[in-house]
Amino acid sequence: MMKQRNVAHIITGRPASDGAGVKLTRLIGNGGLKAFDPFLMLDEFNSDNADDYIAGFPSHPHRGFETVTYMLEGNMLHRDHMDNEGLLQSGDVQWMTAARGIIHSEMPQQVEGKMRGFQLWINLPAAEKMNDPHYKDIKSKDIPVVETKNATVKVIAGELTLPDDANHNASSQNPIQGAVSGISTAPIYLDVALKAGEQFNLPVPAEHAVMVYVYEGSVTLGDKHINAQQMAQTGNGDQLTIDNPTQHSSHFLVLAGKPLNEPIANWGPFVMNTPEQIEQAVSDYRNGRLTE
């Protein structure tokens with residue numbers, strides 16, 4: 001018999017800014033990173049005021065982890081030292097593995113209108129932190145979207161296994177493979193639109209850390225109500241059951257990953273395992289060796 005996951009903690013997003021002053025809501029990244037292992041940061045940016053986002057994220061370094069940018073609305077241009085260039089538009093995803101070092105920029109390609117999306121940081125195992133970096137630009141059309149009688153699910157990463165009675169649009173492909181796979185932390189990244197009065201059931205690996213972030217509407221998980229801009233950190237189990245008791249559709253992210261259970265040392269854009277490795281990353285960047 002499957003064990004239902006319940007809510008262990010509810011985290012409410014806090015106002016923050018990053019880059020050259022981009023205003024955002026931060027869910028993960030205010031401290032206590034071990035509690036979210038393997039996730040290091042989750043931000044939502046959401047504004048139709050260009051002053052909140054126009055300065056963007058000018059050239060800056062990363063080492064030791066992966067960044068995932070998912071655009072709901074707007075246009076953002078990625079450029080990096082490896083001559084990669086990718087225009088993220090509504091529904092697109094950028095998956096960047098910084099590993100030993102990437103220097104990149106993410107700049108808005110609009111001067112008005114809504115800019116909305118998420119950035120997630122996922123840790124890398126110690127054995128992979130100094131591997132070669134790489135970048136993947138994933139267009140919305142290449143991300144599987146599954147329609148069921150209850151929900152619409154965008155499968156960004158990992159596998160989606162649906163019950164036989166879900167009446168989904170890909171019955172010959174169960175489980176449905178997401179746009180990204182083969183990552184050591186085995187991440188699951190789903191964007192779910194749950195219809196009013198309906199329920200969403202999802203089997204999840206028992207060993208994974210699992211979070212649910214509601215970005216529109218509200219849902220219940222077990223006996224807990226989760227409102228917009230709140231994230232539920234779940235307890236143990238291998239089944240996730242989410243209900244929408246409202247009269248409107250609700251939208252949420254399901255984020256799951258295999259914990260690394262390794263020491264975390266972080267300073268700004270660098271995440272390693274020891275303070276000495278952080279000092280080396282800073283020195284490498286200052287002396288032009290980060291990307292060698």
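In case you missed it, the structure is sitting above this.
In what follows, the accompanying structure is described. Here the residue numbers are simple positions, counted from 1 along each chain's written sequence. Per-residue local features of the predicted model are confined to residues with pLDDT of at least 70, and side-chain atom pairs are confined, for both listing and counting, to 80 or more; whole-chain, interface and lining totals are unaffected and use all residues. Side-chain measures here rest on the full set of heavy atoms in the structure, leaving out hydrogens and waters.

This part takes up the overall build of the protein. Helix and strand assignments come from DSSP, with helices taken as H or I runs of at least 4 residues and strands as E runs of at least 2, each series counted from the N terminus. Broken down by element type, the protein carries one helix and 26 strands. Our radius of gyration looks at C-alpha atoms and nothing else; its globule reference is 2.2 Å times the residue count to the power 0.38. Its C-alpha radius of gyration of 19 Å places the protein within 12% of the 19 Å reference for a compact globule of 292 residues. A principal-axis box enclosing the C-alpha atoms of the protein has dimensions of 60 × 45 × 35 Å. Looking at the protein residue by residue over its 292 residues, the buried ones come to 52%. Areas reported as accessible are Shrake-Rupley estimates using a 1.4 Å probe. Residue values count occlusion only from the protein chains shown. With the model as given, the accessible surface of the protein reaches about 12,700 Å², and the carbon-plus-sulfur share is 46%. Only four residue types enter the tally: Lys and Arg on the positive side, Asp and Glu on the negative side, with His and both chain ends excluded. To locate a charge, the coordinates of NZ of Lys, CZ of Arg, CG of Asp or CD of Glu are taken. Taking the average place of the 22 positive charges on the side chains of the protein and the average place of its 35 negative ones, the gap between the two points comes to 3 Å. A simple rule labels every residue: compare its accessible area, found with a 1.4 Å probe on the protein chains alone, to the largest value its type can have, and call it buried under 20%, exposed over 50%, or partly exposed in between.

Right, let's talk about the pattern of salt bridges for a bit. One side-chain nitrogen of Lys or Arg within 4 Å of one carboxyl oxygen of Asp or Glu is enough to make a salt bridge. Counted under the stated rule, the structure contains 12 salt bridges. The salt bridge partner of Glu85 is Arg79, with a shortest N-O separation of 2.9 Å. The class for Glu85 is exposed, based on a relative accessible area of 51%. Residue classification places Arg79 among the partly exposed residues on the basis of a relative accessible area of 44%. Close ionic contact of Arg289 with Asp284 constitutes a salt bridge, the shortest N to O distance being 3.5 Å. Three or more residues are tied together by salt bridges with common partners; here these are Asp18, Arg26 and Asp43.

Glancing now at the sheet that holds strand β3 (residues 22–28). A pair of strands is labelled paired if DSSP reports no fewer than 2 bridges between them. Pairing in this open sheet of seven strands is antiparallel, and the strands run β2-β3-β4-β11-β6-β9-β12 from one edge to the other. Only two strands of the sheet have a single neighbouring strand rather than two, namely β2 (14–18) and β12 (134–138). On average, each strand axis in the sheet is tilted by 25° relative to the strand beside it, whichever way the strands run. Here five bridges tie strand β9 (residues 93–97) to β12, and the two strands are oriented antiparallel to one another. Orientation is described by lines fitted to C-alpha atoms, with helices fitted over the stretch in contact, and by angles between N-to-C directions that extend from 0 to 180 degrees.

So, about the packing of aromatic side chains. Side-chain rings of Phe, Tyr and Trp (the six-membered ring for Trp) are treated as a pair once their centres are within 6.5 Å; stacked means planes under 30 degrees apart, edge-to-face means over 60, and tilted covers the remaining angles. According to the stated counting rule, one finds seven aromatic pairs in the structure shown. Geometrically, the ring pair formed by Phe118 and Tyr213 is edge-to-face, given 6.2 Å between the ring centres and 85° between the ring planes. Here Tyr213 lies in strand β19 (residues 209–216) and Phe118 lies in strand β11 (residues 115–123), a separation of 95 residues in the sequence. Using a relative accessible area of 0% as the deciding quantity, one classes Phe118 as buried.

This part is about helix α1 (residues 275–286). Because the α-helix completes a turn every 3.6 residues, residues three or four places apart line up on one side. A helix is expected to span 1.5 Å for every residue after the first. Over its 12 residues, α1 runs 17 Å from end to end, which matches the ideal 16 Å to within 8%, given 1.5 Å per residue. By the burial criterion, the buried members of α1 are Ile278, Ala281, Val282 and Asp284. Across the axial projection of α1, the buried residues extend over an arc of 165°, all falling on one side. For α1, the exposed residues set more than 90 degrees away from the buried face come down to Glu276, Glu279 and Arg286. Arc definition: directions from the helix axis to the C-beta atoms.

The next point concerns the sheet that holds strand β1 (residues 7–12). Strand order across the open sheet formed by seven strands is β1-β22-β19-β24-β17-β14-β13, with antiparallel pairing between neighbours. Only two strands of the sheet have a single neighbouring strand rather than two, namely β1 and β13 (145–147). The average angle at which neighbouring strand axes cross in this sheet is 20°, direction not considered.

To continue, consider the environment of Lys23. Take Lys23: it is sitting in strand β3. Classification of Lys23 as exposed rests on a relative accessible area of 51%. Measuring from C-alpha to C-alpha, the distance between Lys23 and Thr291 comes to 29 Å, with 268 residues separating the pair along the chain.

This paragraph deals with the pairing of β11. Here β11 lies mainly inside the structure; nine of its nine residues are buried. Burial along β11 is two-sided: Met115, Gly117, Gln119, Trp121 and Asn123 and Arg116, Phe118, Leu120 and Ile122, pointing in opposite directions, are all buried. In terms of strand pairing, strand β4 (residues 39–47) meets β11 through eight bridges, oriented antiparallel. Counterpart to Ser47 in the pairing with β11 is Met115.

Within the secondary structure, His104 sits in strand β10 (residues 102–108). A distance of 3.3 Å separates a polar atom in the side chain of His104 from a polar atom in the side chain of His78. In protein, a polar contact requires one atom able to donate a hydrogen and another able to accept it; more generally it is a pair of N or O atoms within 3.5 Å, and residues adjacent in sequence count only if both atoms are side-chain atoms.

Cis geometry marks the peptide bond from Asp37 to Pro38; its omega dihedral reads 15°. Its location among the elements puts Pro38 in the loop between β3 and β4. Look at Ala99: it is not a glycine, yet its phi comes out positive at around 45°. Topologically, Ala99 is positioned in the loop between β9 and β10.

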